[in-house]
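For reference, the chains in residue letters:
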Amino acid sequence: MAHVSDLIADDIQAYLKQHEHKSLLRFITCGSVDDGKSTLIGRMLYEAKMLFEDQLAAIEADSRKWGTQGGEIDFALLVDGLAAEREQGITIDVAYRFFSTDRRKFIVADTPGHEQYTRNMVTGASTADLAVILIDARKGVLTQTRRHSYLVSLIGIRKVVLAVNKMDLVDYSQAVYERIVDDYRTFARQLGLEDITAIPLSALKGDNMLQHSRRTPWYHGPTLMGFLETCEVDETRLQAAPFRLPVQWVNRPDLDFRGFCGLVASGTVRPGDRIRVQPSGRESRVKRIVALEGDLPAAVAGQSVTLTLEDEVDISRGDVISRADAPAEVADQFECTIVWMADEPMLPGRPYLMKIGTRTVNATVTEPKYKVNVNTMEHLAAKKLDLNEIGVCNVALDRAVAFDPYTANRATGGFILIDRLSNHTVGAGALHFALRRAHNIHLQAVDIDKRSRSEIMHQRPALLWFTGLSGSGKSTIANLVEKKLFAMGRHSYLLDGDNVRHGLNKDLGFTEADRVENIRRVAEVSKLMVDAGLIVLTAFISPFRAERRMARGLLEEGEFVEIHVDTPLDVAEKRDVKGLYAKARRGELKNFTGIDSPYEAPEAPELLINTVSLSAEEAADRVIAFLRERQLIA
């Protein structure tokens, strides 16, 4: 490091230029509890001389306070930044560290080993080129080792360093090391992991970290840092792949310039290349490749550039610019693997937002085909996915998107799922392939449309969505409203919760997942009836905001009218003519809304009906008056 220090002192610009052109390797460390992940990273930072004097002084003080190595430096404390991690001696959150050597720059993610932090590990591994899987030489290949290896293969990391750590505690035994390596390679082959480099080391003592250890004369492979500095980064594979540029921004600073900005996800592009814009399918040629330093003769994977085209082509954020002779696939239904990251379970039929590349679309996930026991690789039947569970599902989008299978291109085949209400990321996934029906089923054009049907009925179609607790009076009020509409000569239809469960939804129960599916089906039927020109009334508890928002999203602006029949729980219980609340209180009726299942009240309904102050007849009149105000009826 001496000549680097001299260069910094003599010519800071030359040092920065040298640093700028070093390659970057992103890698993760993962392993079972106490395998020494944080110690290994701490040792790397220490040996790479990436610590300042005040940091060394602080770590020495912390080692005396928190450390587990007696009077020696506890390198793990350089990485385990959370107080809870230091107190428990484990890693909880993903800790990212940057360091650099003469040959390469590194970003390392120290990922947690506990199963309950699977989502944290997936987050840390999502951008990694290489995984360092640590194994305690005393314990060998454990269940957690298998789980982490499965996640590494799932995320698409192809290079693995098998770091057999704590060799000092087994007297640097060659037999122990070779047995562990053989066991791991046998298992890894089942996952398709082939590029494995095994290294015996002691992160605490420094054996085979930077220099070959005299304690392992039988080992003739690379040191850990030597391998990390020289291994090939996966850039060449991406640069050889077909060209993909997800458009992040359309740059129009003046009337004479229109450029499409984004990060080249894969491949190479040059002026004159024929490209295809997806999903629209329009084609053109690249006119210029514009960057901060001026026009470029070519752009490769990993570069952020602006493309201009020879033709005026309608392109917007979220579109993908592909090579014309090797375009991405386009579909709206897929099979995929999903890692669930939220405390609330993933429920089939519930609408989510999917962000794939730079495009965000509405997505609905089907019931999982199976979930994976990440410890045994066993496929298990599942109705939903809970926190940290992984499953294979089908997903349907509200519009077609351009994509590649995740195994071919992580940038255009990976996605996240977002909760529509909270905007929290709730899941991450990998697309496998488009479903055949995505290509074979198309909307049939018809000559008689909704407008024609509504004109012949002399009315505006709408969906009146009555929601409230059981016993609030939804069905009674909806029935009165329909009678008044019928007397006015309006064409309507009432879908009542109990009636629908005698036919269309008789196969559904009252679990949270079944309630979501119940409302999804009703919303789709209501959409068809609105398309027929009818005024549709629905009387369902519909306890979850997400499903009510999904129903609203199926219709055109102004067609969905949410009517909250607001009744306090104690009043609803007193009206309990069916005795349902009493059964729920006694524990005889599970998943009953208001008792042991939540009701999420509307935040901004079009109409609020308070049935404490209004009779059913007055409430119905209020609805009719509202419809007149909105000119839904004359």
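Please refer to the structure higher up on the page.
Residues numbered from 1 in each chain as written. Predicted model: local features only at pLDDT ≥ 70, side-chain atom pairs only at ≥ 80, totals over all residues. Heavy atoms only, no water.

Visitor: Please provide a residue-by-residue account of the overall build of the chain, values included.
Guide: Along the chain, the regular secondary structure elements total 20 helices and 29 strands. For the chain, buried positions account for 51% of its 634 residues. Relative to all contacts within the chain whose residues are 6 or more apart in sequence, the contacts with residues 24 or more apart total 71%. As displayed, the chain has an accessible area near 30000 Å², and 50% of this comes from carbon and sulfur atoms. (Helix = DSSP H or I, 4+ residues; strand = E, 2+ residues; numbered from the N terminus. Buried < 20%, exposed > 50% of the residue type's maximum accessible area, 1.4 Å probe, protein only. Contact = heavy atoms within 4.5 Å. Areas by Shrake-Rupley, 256 points an atom, 1.4 Å probe, with all protein chains shown as cover.)

Visitor: Mind laying out the sheet that holds strand β29 (residues 607-610), listing which residues take part and the relevant values?
Guide: Strand pairing in a sheet takes place through backbone hydrogen bonds and is either antiparallel or parallel in direction. Here we have 5 strands laid out as an open sheet, ordered β26-β27-β25-β28-β29, and parallel in their pairing. One side of each edge strand has no neighbouring strand; the edge strands of this open sheet are β26 (492-496) and β29. Adjacent strand axes in the sheet meet at a mean angle of 20°, parallel and antiparallel pairs treated alike. Where strand β28 (residues 560-566) lies against β29, 4 bridges are found, and the strand directions are parallel. (Pairing = 2+ DSSP bridges. Axes fitted to C-alpha atoms, helices over the stretch in contact; angles between N-to-C directions.)

Visitor: Kindly report on unusual backbone geometry, identifying the contributing residues and their values.
Guide: Across residues other than glycine, the phi torsion is negative in most instances, and most of the peptide bonds are trans. Backbone torsion omega between Q278 and P279 reads 20°, so that peptide bond is classified as cis. As for its placement among the helices and strands, P279 is situated in the loop between β11 (274-278) and β12 (283-291). For K166, which is not glycine, the phi dihedral falls at a positive 60°. Topologically, K166 is positioned in the loop between β5 (159-165) and α8 (174-191). For K166, a relative accessible area of 18% puts it in the buried group. The phi dihedral of D171 falls on the positive side, at around 60°, and the residue is not glycine.

Visitor: I'd like a rundown of the nonpolar core, residues and numbers included.
Guide: Judged by nonpolar contacts, the single largest core of 68 residues is most densely connected at F27, I28, Y184 and L228. Beyond its immediate sequence surroundings of up to four residues, I28 is in contact with A109, T111, M121, G124, A125, A128, L130, A131, V132, V152 and I157. Within the second largest apolar cluster, 26 residues are counted, among which are I477, I624, F626 and L632. (Core = buried A, V, L, I, M, F, W, Y, C linked by side-chain atoms within 4.5 Å.)

Visitor: If you had to explain the packing of aromatic side chains to someone new, which residues and values would you point to?
Guide: Taken as a whole and assessed by the stated rule, the structure comprises 9 aromatic pairs. One aromatic cluster in this structure is built from Y177, W218 and Y219. For the cation-ring pair, R146 lies above F187, with the distance from its terminal atom to the ring centre recorded as 4.9 Å. The ring of F510 has R501 lying over it, and the distance from NZ or CZ to the ring centre is 4.0 Å. (Phe/Tyr/Trp six-rings, centres within 6.5 Å; stacked < 30°, edge-to-face > 60°. Lys NZ or Arg CZ within 6 Å of the ring centre and 35° of its normal.)

Visitor: I'd love a proper account of the pattern of salt bridges, names of residues and values included.
Guide: Under the criterion given, the structure shown has 29 salt bridges. For K369, the salt bridge is made with E335, and the minimal N-O distance between the two is 2.6 Å. Taken together, the residues span a long stretch of sequence, with K369 in the loop between β19 (359-365) and β20 (370-373) and E335 in strand β17 (residues 329-340) at a distance of 34 residues. Judged by its relative accessible area of 12%, E335 is buried. Each of the salt bridges in this network shares a partner with another, and the network as a whole consists of D507, E517, R520 and R521. (Salt bridge = Lys/Arg side-chain N within 4 Å of Asp/Glu carboxyl O.)

Visitor: Give a description of the packing of helix α14 (residues 474-487) against helix α20 (residues 616-629) that names residues and reports values.
Guide: Closest axis-to-axis distance for the α14/α20 pair is 9 Å, and the angle between their directions is 55°. Here α20 runs oblique to α14, going by the angle between their axes. Of the two elements, α14 crosses α20, and the hand of that crossing is right-handed. Judged by residue contacts, T476, I477, L480, V481, K484 and L485 of α14 engage A616, E617, A619, A620, D621, V623, I624 and L627 from α20. Of the residues in the contact of α14 with α20, the class split is 10 nonpolar, 1 polar and 3 charged. (Parallel < 35°, antiparallel > 145°, perpendicular 65-115°, else oblique. Left-handed = near helix turned anticlockwise from the far one by under 90°. Nonpolar A, V, L, I, M, F, W, Y, C, P; charged D, E, K, R; others polar.)

Visitor: Provide a residue-level description of α14, including the pertinent values.
Guide: The end-to-end C-alpha separation of α14 is 20 Å, in line with the 20 Å expected for 14 residues at 1.5 Å each. Every buried residue of α14 is listed here: K474, I477, A478, L480, V481, E482 and L485. Turning to α14, the residues buried within the fold contact β25 (462-467), β26, β27 (535-539), β28, β29 and α20. Backbone geometry just downstream of α14 places G489 in the positive-phi region, at approximately 85°. (Expected span 1.5 Å × (residues − 1).)

Visitor: Go over the packing of helix α7 (residues 143-155) against α8, please, and point to the residues and values.
Guide: Contact geometry for α7 and α8: axes closest at 10 Å, N-to-C directions at 35°. Judged by the sense of rotation from one axis to the other, the crossing of α7 with α8 is right-handed. Within the contact between the two elements, α7 uses T145, R146, S149, Y150 and S153 and α8 uses Y184, F187 and L191. Here the residues of the contact of α7 with α8 sort into 4 nonpolar, 3 polar and 1 charged.

Visitor: Mind laying out the pairing of strand β24 (residues 425-434), listing which residues take part and the relevant values?
Guide: Counting buried positions along β24 gives 7 out of 10 residues, so the element sits mostly inside the fold. Relative to β24, β17 runs antiparallel, the two sharing 7 bridges. In the sheet register, T337 faces β24, and the bridge partner there is A430. Where strand β23 (residues 414-418) hands over to β24, the hairpin turn is made up of 6 residues, of which N423 adopts a positive phi near 65°.

Visitor: Outline the environment of L508, supporting the account with residue identities and numerical values.
Guide: In this structure, L508 sits in the loop between α15 (497-500) and α16 (512-531). You can call L508 buried: its relative accessible area is 12%. With 10 residues separating them in the primary sequence, L508 and N518 have C-alpha atoms 7.0 Å apart. Sequence-distant contacts of L508, defined by excluding residues within four places in its chain, comprise R501, D514, E517, N518 and R521.

Visitor: Just give me the short version of the environment of R460, but keep the residues and values in it.
Guide: Relative to the helices and strands, R460 resides in the loop between α13 (450-457) and β25. Sequence-wise, R460 and Q631 are 171 residues apart; in three dimensions their C-alpha atoms are separated by 8.4 Å. Beyond its immediate chain neighbours, meaning those up to four positions away, R460 contacts I535, R630, Q631 and L632. Here the side chain of R460 touches R630 through a polar contact of 3.4 Å, landing on its backbone oxygen. Here the side chain of R460 touches Q631 through a polar contact of 3.2 Å, landing on its backbone oxygen. (Polar contact = N/O pair within 3.5 Å; in protein donor to acceptor, adjacent residues only side chain to side chain.)

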